Every structure is written in C-alpha cells, then in structure tokens.
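Spelled out from the first residue to the last, the chains are:
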Amino acid sequence: MIHSLFLVSTAGHIFLEKHWKSVISRSVCDYLFEAQGKASAPENVPPVIATPHHYLISVYRDRIFFVAVIQTEVPPLFVIEFLHRVAETFQDYFGECSEASIKDNVVIVYELLEEMLDNGFPLATEANILKEMIKPPTILRSVVNTITGSSNVGGTLPTGQLSNIPWRRTGVKYTNNEAYFDVVEEIDAILDKSGTVVFAEIQGVIDACVKLSGMPDLTLSFVNPRLLDDVSFHPCVRFKRWEAERVLSFIPPDGNFRLMSYHVNAQNLVAIPVYVKQNVSFFETGSSGRLDITVGPKQTMGKTIEDVVITVHMPKVVLNANLTTNQGTSTYDPVTKVLVWDIGKLNQQKVPNLKGSLSLQSGAPRPDENPTLNIDLRIQQLAISGLKVNRLNMFGEKYKPFKGVKYVTKAGNAGPQREQRSTFFCWNLFE
Amino acid sequence: MSTNNLSYNEQGGGAEPAVELGQESTPTASGSTAAAGLFSTDFKKNEDLKEMLESNKESLKLEAMKRIVGLIAKGKNASELFPAVVKNVASKNIELKKLVYVYLVRYAEEQQDLALLSISTFQRALKDPNQLIRASALRVLSSIRVPIIVPIMMLAIKEAATDLSPYVRKTAAHAIQKLYSLDPEQKEHLIEVIDKLLKDKSTLVAGSVVMAFEEVCPDRIDLIHKNYRKLCNLLVDVEEWGQVVIITMLTRYARTQFLSPWREDALFDENSEKAFYDSDVEKEKADSKPYMMDPDHRLLLRNTKPLLQSRNTAVVMAVAQLYWHLAPKQEVSIVTKSLVRLLRSHREVQYIVLQNIATMSIQRKGMFEPFLKSFYVRSTDATHIKTLKLEILTNLATEANISTILREFQTYVKSQDKQFAATTIQAIGRCATNISEITDTCLNGLVLLLSNRDETVVAECVVVIKKLLQTQPSQHSDIIKHMAKLLDNITVPMARASILWLIGEYCERVPKIAPDVLRKVAKSFTSEEDIVKLQTLNLAAKLYLTNSKQTKLLTQYILNLGKYDQNYDIRDRTRFLRQLIVPNEKSGALSKYAKRILLASKPAPVLESAFKDRDRFQLGTLSHTLNAKASGYLELSDWPTVAPDQSVRNVEVKEWAPSLGKPKATKSDDKFYSDSGEEEEQEEEASESGSSGSSSSSSEEESSSGSGGRTSCRLCCLLSPVFVPPKSHELLHRMSGKGLAVSYHFPRQPCAYSHRMVSVQLTLTNGRDQPLEDICVGEAGPPGIAIHRFATIERLQPEASITVSMGIDFNDSTQAANFQLCTKTDQFSVSIQPAVGELLMPVTMTEQDFLKEQGQLTGMNESSVTITIAPDSMSSQPVGRKVVSVANMGVVPSSQNSIHRFAAKTVSSGSLVLSSVVLQEASTAKLVVNTEKTVLGSVLLRELKTALSQG
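Residues numbered from 1 in each chain as written. Chains lettered and ligands numbered in written order. Predicted model: local features only at pLDDT ≥ 70, side-chain atom pairs only at ≥ 80, totals over all residues. Heavy atoms only, no water.

A. A look at the overall build of chain A. If you tally the helices and strands in chain A, you get eight helices and 24 strands. Within the span of chain A, comprising 431 residues, buried residues form 57% of the whole. Within chain A, counting contacts between residues at least 6 apart in sequence, those at least 24 apart form 69% of the total. For chain A, the accessible area works out to roughly 17700 Å², and carbon and sulfur atoms hold 51% of it. (Helix = DSSP H or I, 4+ residues; strand = E, 2+ residues; numbered from the N terminus. Buried < 20%, exposed > 50% of the residue type's maximum accessible area, 1.4 Å probe, protein only. Contact = heavy atoms within 4.5 Å. Areas by Shrake-Rupley, 256 points an atom, 1.4 Å probe, with all protein chains shown as cover.)

B. Spatial organisation of the pattern of salt bridges. Applying the stated criterion to the full structure yields 52 salt bridges over all chains. Its salt-bridge partner being Glu99 of chain A, residue Lys103 of chain A comes within 3.1 Å of it at the nearest N-O pair. One end of the pair is Lys103 of chain A and the other is Glu99 of chain A, both in helix α3 (residues 99–104) and four residues apart, which spans about a single turn. Residue Lys103 of chain A is classed as partly exposed on the basis of its relative accessible area of 42%. Here Asp294 of chain B makes a salt bridge to Arg649 of chain B, at a shortest N to O gap of 3.0 Å. Residue Asp294 of chain B is found in the loop between α18 (273–288) and α19 (295–304), and its partner Arg649 of chain B is found in the loop between α36 (622–626) and α37 (656–665); the two are separated by 355 residues along the sequence. The burial state of Asp294 of chain B is the same as that of Arg649 of chain B; both residues are buried. Members of the salt-bridge network, linked through shared partners, are Lys18, Glu114, Glu115 and Asp118 of chain A together with Lys98, Arg139 and Lys178 of chain B. (Salt bridge = Lys/Arg side-chain N within 4 Å of Asp/Glu carboxyl O.)

C. Looking closely at the interface of chain B and chain A. Facing 100 residues of chain B, the contacting portion of chain A comprises 103 residues. Both faces considered, chain B and chain A share a buried interface measuring about 9300 Å² in area, 57% of it formed by carbon and sulfur atoms. As a salt-bridge pair, Lys178 of chain B and Asp118 of chain A come within 2.9 Å of each other at their nearest N and O atoms. The interface formed by chain B and chain A holds 31 residue pairs in polar contact (both at pLDDT 80 or more) in total. In terms of residue count, the dominant contributor to the side of chain B that touches chain A is helix α12 (residues 166–182) of chain B (seven residues). Looking at the side of chain B that touches chain A residue by residue, the classes come out as 35 nonpolar, 36 polar and 29 charged. (Buried area = accessible area lost by both parts, 1.4 Å probe. Polar contact = N/O pair within 3.5 Å; in protein donor to acceptor, adjacent residues only side chain to side chain. Nonpolar A, V, L, I, M, F, W, Y, C, P; charged D, E, K, R; others polar.)

D. Quick peek at the sheet that holds strand β22 (residues 389–395) of chain A. Residue and element names in this part refer to chain A. The three strands lie next to each other as β12-β10-β22, forming an open sheet whose pairing is antiparallel. Each of the sheet's edge strands pairs with one partner strand only, and the pair in question is β12 (247–250) and β22. On average, each strand axis in the sheet is inclined to that of its neighbour by 15 degrees, with strand direction left out of account. Sheet topology note: the strand β10 (residues 217–222)/β22 ladder contains six bridges and is antiparallel. By the bridge assignment, Phe222 is partnered in β22 with Val389. (Pairing = 2+ DSSP bridges. Axes fitted to C-alpha atoms, helices over the stretch in contact; angles between N-to-C directions.)

By themselves, these are just geometric observations and shouldn't be taken as functional.
Here is the structure:
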C-alpha cells in the first residue's frame, strides 16, 4: 500500500523520508514541487498526483506536506486518513506538529512510523497502544533515561493490541477519577447582504477527557437526543445501543478523545446569535470608498457573546483604510488586504460600530466585487442547538468519579466559517 | 568515507596505525565519546559512530544508533556502517534492537551477504515465548528482501500462521505479501497459507489476511465462499483499516456471486437508458420468477450499514461505494447523509468525496438534491474544491431548483478569484443547455456580463455564448452584433476566435457588419494567435462565398498572408481554402460544393460533465480519482445473469440460509425492500447471532442435539447477548494462592470450543516477585461436567496479568465445577459456581411464537410468583436491564407496555427458557418462568425475584 513517506516543508525542503519497501528516490517529490509551482497557495496543490511510475498522495497541514508514495491501486481516502492520523500522533507526542519538533525527535518519529505501518499497511494507529510501546518524550524521562539507561520502548505487546477494545490500556490508575465532556457546537452559516440566511447548520462535537481507573463502562444519555440528525462515533461507542435506546454506551479510551461528532439539521431552528449590518461602497470618482459595519447580539438566551472578531477580505485596489470604532480595535493589513476588527464581548447596551473611509488605488477601476465578512464568536455555557446531556452513569468500577459537562458555541475559527456575503449589483435577470 | 580510506591506507603504512588505534581507543574507554561525537567535525562523524557501536556500553551504542537513524531519516547514506551495526542485532536492549532492525530493513537489500549474518538471530527469536518478540522477528525477517532466505521466510510464515497469538498470525499475513513481492514463484504455497488464515476467527487477523489475498490471489474468489458469512459478521469488530480492505474485497465478491438487485426499479430509474433496456429483457424472467435477494447479499448490506457512522472517513467511503455498487436503488440514498458529513472533514478528504459525489450525482440527482446547499462554495475553499462543488451543483440542477442555483452562481461570478468566476460561467452554460427553459435568461445574463471589467470573465462568456447560440441561432442577431463590437477590446485568443467563428457562421444575418469585422482582423492578422488566424481564414472564406463583391480583395490579402505564415497548420489551411473557394482550372469537382462544405449546418456542441464516464471505475478507488486505470486496479465485474450456486457459502450446516430466507419469501416484493421498523430490527438481530465469529454455532446447535422443544427453535434465532457490564468473581485469592490471584467472569459469548459449553474468562495475576511458570488446569470434577482447559501458560512475570478463556459444560445445573489450578510448584483446588442466568443463551422470537411456546410449557413446567417491584422499575427499560443483568436472555418484542417477555435457551441441552414480567397495579408484578428444566426454572425465578424487587 503505502510505499514511502516524505515530509516536505513549504519551502520545498525534504526533511524526513521513510521507506517501508524498497527505497524510492526522493526525486519523486519533484512532481509535487511542479504542482506546487502551478498552484497559487500550498492549499491548492491537488492531493493526488500521478507520475509515470508512482502516485503521490499528499496532505498539507501545519505547513508540512505529508507525501505518501503509492505504486498500486489503493483507496485514496485510506492514505489521506492515515496521513492525518500520523500528523495527529505527532501533535499528541510532541505538543505540536512542526518541522522543528519532528527534526528534534527524529528517532521517536522513526520508531512511531515503524509501528504504525508494516509493509505499508497500518498496524497500530491508536494513541493508547502507541504510547505503551513508545513513551512520549518528557524532560524528566530523558534525564532518567540517560542516567539509568532505560529506554522509551516497551518490551511487551500492549494488551490493547489483542483485545476487542484496542483503544484502552489495562491497569490504568488515578487518584482522582474524573470525566469531563465538552459539548462544542459550531454554527456554519451563509447570509446575504440583507442578513437573510442562505444556508445554516450546526455541527457539534463532544470531546471528552476521561481519567478513570480500571475498566469503567460509561453510559451518557441526552435530554433531547432527537435533535441529532447525523452522528459519527469513536469506535468505542456501541452502535447497537445508540440505535435502540439513543444513549452512548462505551468503555472510554484513557485521556483525551473525541467521543462523537454530530450534525443538527433543523435548518429553521438555527438562530443566528448576532446580527450584522454592513455597508461598503466605492465611489466612482475620487478613488475612495466608505465602510460602515454594525454588530449586535440577537437571541442568545441570556448568555454573553465573547471573542467576536470580524474579518473582511478587501478587494485588491483598497490601499488603506481610515476607520474608527466605538469598541475593540481594528487593523488593516495593506499587503494581505485583510481587515480585522477584534470586538471582544458584545453587550446589550452598546452596539459596536466600525466606520470610516477607504482609499483606493487611483486610476484603478472601481471594484465590482464585494468583500466577504467572516465572523468568529464564542458563547460559553450554551449549546446553540439546545442539546443537553442528561446523565452519565458508570458501571464496572466501584469508585465515584467526578463528572462535568461544559457547553460552548463557536462560529468560525479553524472550522467552517460563517460568511456574510453582500450582493450590491442587482443582477436580476435570472429572476 | 574518506576517513575510511585514510585509515585503511595508514594501516598499510606499518607503525603509525598503532598510534592511531591507540588514540581512538582512549575516548571509547573514557566514555566521553558521546560528547566527542557531538562536537567532532563532519567528516569524522561516521568513524566515531563505528567506535561507539563497537564499544561495550549500551548507552553509547544506543546513542550511535539514534544518530544513524537520524542520518537515514535525512536520506543520507550510512551503509558503510553495516558490519558494525549488524553485530548488535542480538542486543538485550529493546530500543537498541529496534533501531538495529530499522537499519537492517533499510540496508539489507544493498548488503545481502552481511545481512545473512543476522538471520540466525531472527530464527532464534521466532521461538521466543514473548509474542511481541516473535512477531517483530518475523516482521524484520520478512522485510529484509534478500532472495536467498526465501525458503527460511516461507517456513517462518507457515509456522507463524499457526501461532497461538493472533498478533503473530497477523504479522504472518503481512509477511505473505512481502514474500510474494520478493519471489512470485512462491504463490501456490502462499495461497495455502492465505486459505488457512482466512479461516481464522480473530478480528485482528481478518483485515491483514484479506489484504494479502487481494495482493496475491484476488482471482481466487473460491477461497472466500466459506468465510463470507464469518467476514460479514466480524466486520464491525475489525480495526478500521481492515474494514476498508474487507469491504472493498466483498464488493467485488458480491458482484460475482449475487443477482442484480436493480431490476424491478430499473424502470423508474431516472435517466439510465441502458437499465431500461435491460429491464425489458429481464421482465420476462421476472414474470416467471420474482427476484429475491440472496440472504447473504442482504447480510452484507446490513452488516456494513452501521459502519457509515465510523469516524474513519475511508471506512465511510468504502461503505458508500459498497451500497452504490450493490444495494437496490432505493436503498442507496442512505449513504448520502454520511457522505455529506465527510465534507466537513479535512480538505483532502473533501476533494476525494466530492469527486465521488460528482460521479454519483450524474446518475442519481435525487440522492443529493436535498443537500444542495452543502455544496455551496465558500470563499475559503481551495481551487480544486470550488471546481468540484460547481460541477456537482451543475449536475444537480433541475427545472425546480435552477433559480436557486443561478442566484448562487451570480455571487460566484463576482468572486475575487477570476479563474473561479470563469469556471462558474462555464457551469452556467452547461445549465443553460441542459434545461432549455432557462437558456434565454442565461444568455441575457451572460451578455450583460460581457460588460464586466475583467477580461477572463468576458472571454469565458464569449466562449459560452458561442456554444449557446449554436444550439438556437434563430433569433439572436442582436447578440452577434454586440459580440462583434467586443472584438476591439477583447484580447484573449479563445474569445476572439469564438467571435470570428460566430460571425462567419451567421454572416448572412449580419451582412453589414461581417465584412467590416474581416477588415479589422485583416489589419491585425500578423500579430494574432494561431487559433485566431485560423478563424480569420475561415471567416474570410465564408464571406467570400456569400458576399464576394465586398470581400474579394480582403480575402485575397488574408490568403496571401496565410500562405507565408510560420505555422504549418495555417499554411495548410490557406492552401486548402484557396483551392476550395477560388475556382481555377486545376481545382476539381470539389469547389462546386464549396458552399455546402463550408456553410453546412453544424451540430451544436454537447456540454457534458467531465465525470460522465467515471463510473466505469469502482467508486472510491485511486483509478476513479485519476480517471485512468491505476496499476493493480481490479475490475468490478458485471452482475451474473444466472445465479451462482448459493450453497457454496454454507458452513457445515445447510439450514442456515433458509432459516433467514423463509419468513421473507411469503412477503410481497415491495414490502421486502422497505424493511421498516420492527421487522428490520428483528432481522438485524437475528443475523448477527454470535458476532464474535461463530455464525454457524446457532444452526449447529439446532440440528445436532435433539431433545424436547426442538421444533420451536426453527422459529427463533440465536441472538447476540445484550450488553451488561461483566461481573467479576474471585476464584483464588492472592493469599491462598501463594501470590497467584485468579478471578473469573462470564463473557456471555458463545463458547468457541463446544456449543454445549459456557465460556468463562479467567484473569490470572502474579502477585509474587518471581515469575510463575507452567500454569495449567489439573484434575477436574465432578463427573458430568466437562471442562475445556486453557493452554498452559509457560511464564507469568511478576505484577503481570493474563486473561485466558476456558469452556465448561455445566450440564444445565448450578452444580459447581471443581478443578485444580497447577503451577510448577503448587496445586490449588478451586471451584466455579455458575449463576443460573449464565447457563443461558439469548434467543429471539416473535410475540406469537412466544405465546405458543408458553402455552406448551404449562403445568409442571411453569413456576410463577407475585412480587413487589421497586417503584423505579415500573418503566420498561429498568425491567429489561435488571432481567438481563441477572440472566443472559433476549428481549422479545411485546405489544403491551405492561408485559415484558424474555427468551433464552439453556447452553448445554438447548431447552427453551421463557420468562415474562406482567406489571400490575400498586407496584406489584407477576413473574412467570416456563421451562422443561424445572429445577433450573425455580432457581431462575428466585434470582429474578430478588433482582426485580431491589431498588
């Protein structure tokens, strides 16, 4: 399956190579560089590239290309999913997935890759199993290892490898037994200029941090499971019980993991928590323009909206912006043409407003496209869909764990974004 | 390298080497080499690595190996260290050993002779009691790609394939592929091993061996037959990567073994004409024999469905393609939601999924239409994602939703990404040709766009308008005039060429403008691009034929320019046209037809999707993504016309398949597909009997032991046990076991050793500070209770614990099984007292069957009691949970809320055990147990009573 793996920096430097079968020359990466040259940004490099003798399947994240070299037919998603899993493992082990951290820990990286694939076929990809075989680096451990000569590599087969629950290791012990669940929801919406919702949906995840001794068997139930339209689970969740009773029954992995992701469909139910009024116009003469944006809270069920940031990608001809605001700070980067308005908390009394003039490149034609607005925000203690966890029960162990659930609603961030589009030009002919 | 040579030369020199060697050995002895190594200059690096490797200190060796691995990772050559490295292959330090393995695998191919030195170490390690060591030895041995050791590898694989540890067997499955690529001549022997491993019941092995099968002998479909049902049942528990491989393989398998389920509905299929014709032929057959889905076909579809909820995108895609290629048309749409979910994943995942959706959406608009908005383009999408989303939106366009889509397209046209705007215009063009109602609106919209400031956009518009006009040229002379005016400003060659072609083609509709346009391009002819020049020539020729009075001179001029052009094509075209249109004595009969040749009406271009023919490749494959056959691609065969023998998949007992198929046969066809509600759930449970891999055990039981109540078992199917957290009991306390502690629990799984046995899992823990050796089961009693012993545990390290499983036939009594646990030095007598509830296996049946059976088991066979029930148990779920926690019974669907029914049969004799709880007023309930085994029945009644009356 996967023949070789190359890690390539954005600058085109191949800083790690690993071969599971015969060695393939690193010159194969030239095809990637060629594609990179054609693409305007690294994100635009096609993930699958055919070369005369091999196929390159690559993933770009954290400013690194993970390039897998393939020789025969294989489902491309198989490779892509695996490469992301590799990146996540690095992230987990080294705290960040970057060229520097990989170079610093090259031996561990090699040991990991050796365990993760055998002959190009995934062998152990569960973090818990890997951690039993190869311990993550800590300063303390490296000191101890140099003194005692003990190693980072386990000598026995992790029990998880053999059992039906490979995600959990045996013999877990904690003095404080805790289980925390974060219900994080993201609104993904497209609005048009008048504020009408073109498209909206809520996506949520339940991230868990479970530190429980022994082999706990947990059951998590919801007050309103009917809200969930589409779900995907960590392998630990018993699908049968979900189907029958709409409860999540699982033996959790140890530590942090994503228990489930879900999607809330009821399109009409999505209450967009803020409203935005925007007016951006460019004058025909005098090469200038005017901008006026107002943001206010709407339907927040008594919770405060925090960390509101509005990002506007301006047309290329906008040279500079002279803006004033009554709340937060705004910056305009003339190179990237991005206007960022960091508002902070929204409160009912004062409505944040940003206005001022834009100076355009003289002589250039008036831009006919309209800037897109991206809004990031965060609401603590509220899952916007109204999803509520009912209770968490534990079986199989005798102690009483400490349990906690937290709700957060977000818009934007790394995930899908909320966009506000504007339609200035009436192009009504299609009506 | 250079130092190597240098020292070699010096050694030849005589006296000096002694000094050199002396110097070298000092730092080694002082142990500061690590530091020295770090600061030494680059060219000496490898030399001191060699020293470190040859030192006596483990830490130095490890340090050296770490640096060498660093070199390998950077792609630097470290092969000259091979002799020094290979010596450490037998090291006791596990990390060092692993790094040596990494090195060996990398360089053994280049240094075959030296690599042979390490082989004996691996051969020894293959016999190691530690399964990890056995497995990793096999891994390295099979990875070093030295042809001489092929026989050794073959032997090692054969041995490992029968290893007790499933992990080692998994490694063996991987080794098969490696050996095959090293020496394809071993194929026949390897197939034998694959055949053996395919029979393996471990979920760990399944994925790997199917991978080996796909690589070595994908055409040996016959090896799959007997394992088909097992693979289907195991699937949910196999690790994610194995799932992908198995699903892909089973897709291919199913296409060769089952009849097409696409018949009846082929008529209603949206737009596949081919299917329409097929259905005609098949209808005749259908009349005589209605289509019935093979139960095995249904089994596959049912068992893969839950995997749509997997977090692994590759698994979801694999299931989606399986449904696409195998499911009846009405059922395919259940994958839609999951595919749309994948669009929220990483960019690369989106890319692949969108490609597959693009192919699907051409054939089945309906599947994705409700999710239209999920394909709206975001400003942050990557270029290739935007293009694919446009493609899908275009495919999904219908008369009903076109206005929504066009409004969305309007926004895209104004995007800052001009290339994307241009692609959008193409998409509008495609919508316009596909849906004739909107052609005019689109055309007008595009004409307005011609005044856009951006040239790429305008040029694209021109090209699209040209195509659209061609489809209905009748009334659009205004637009043509408008386009003629544009020629002054547009510089994009493709657009200019399109305008010229348009004017040439419809020159009779714009008789005044056309010659003027020709005049303009004649002036700029020499500076035009080739495609524009060709169209200029065409325009000139056409005008010459229709309006020679005005254009004769201009045409002559252009033809003369063309004659001396640098481009072959243009010179050729010029020569050809001149002969054709200017009559002279040499020109033959052809020039008479010049007008008919040049001004023939041309068919309008068909604008179709780039994904139109992609479905010739299996979805989700690399070949599909590339739209070209990748090496190693396995064709998906067409459905067989005649049903292949179904019985090939039967394992041991032939009753299995009919028992599933029978109840369905009576139902009408459409109901059969709809599979709604309870019905489906029942079937689902029934088919998953023994998901741990003993799919045959249920039927085996049914046919073999023939005691009373047997007839009824045809109506019920064995059910996978309802999950309850296992209760662990102590078998041997640490104090009395001299450090050996043993606990046991009933996993409620069908016993692998015999169907009459209850499976018991023992967890042994060594609390001593020395390892325990040779733990085994000694004498057992009393007579009448049979015990399947676990394999002797050779060694149990201090603080380690191990879980083993054994089978006990309690003979349907609660009598304790006594046996001795022996270690090398001691013997302990222990006994396992089974709870009565563990002597049962859950079964499922319909309510009617339950009542019928209950009616037969009255009198002596019935015991009942009225109990006071804890108030919180009044609702249905707690009752079910409590009963199930005490006794391993299956829930029987009940039509009344106040009655709960449970059914099971005894493990040993297979007698039916029925129980019902009837909730009455004032938190009382009547508890009834019906069974032939009266003693067992009364004990069960007592236990259920205690369980239900507790709070």
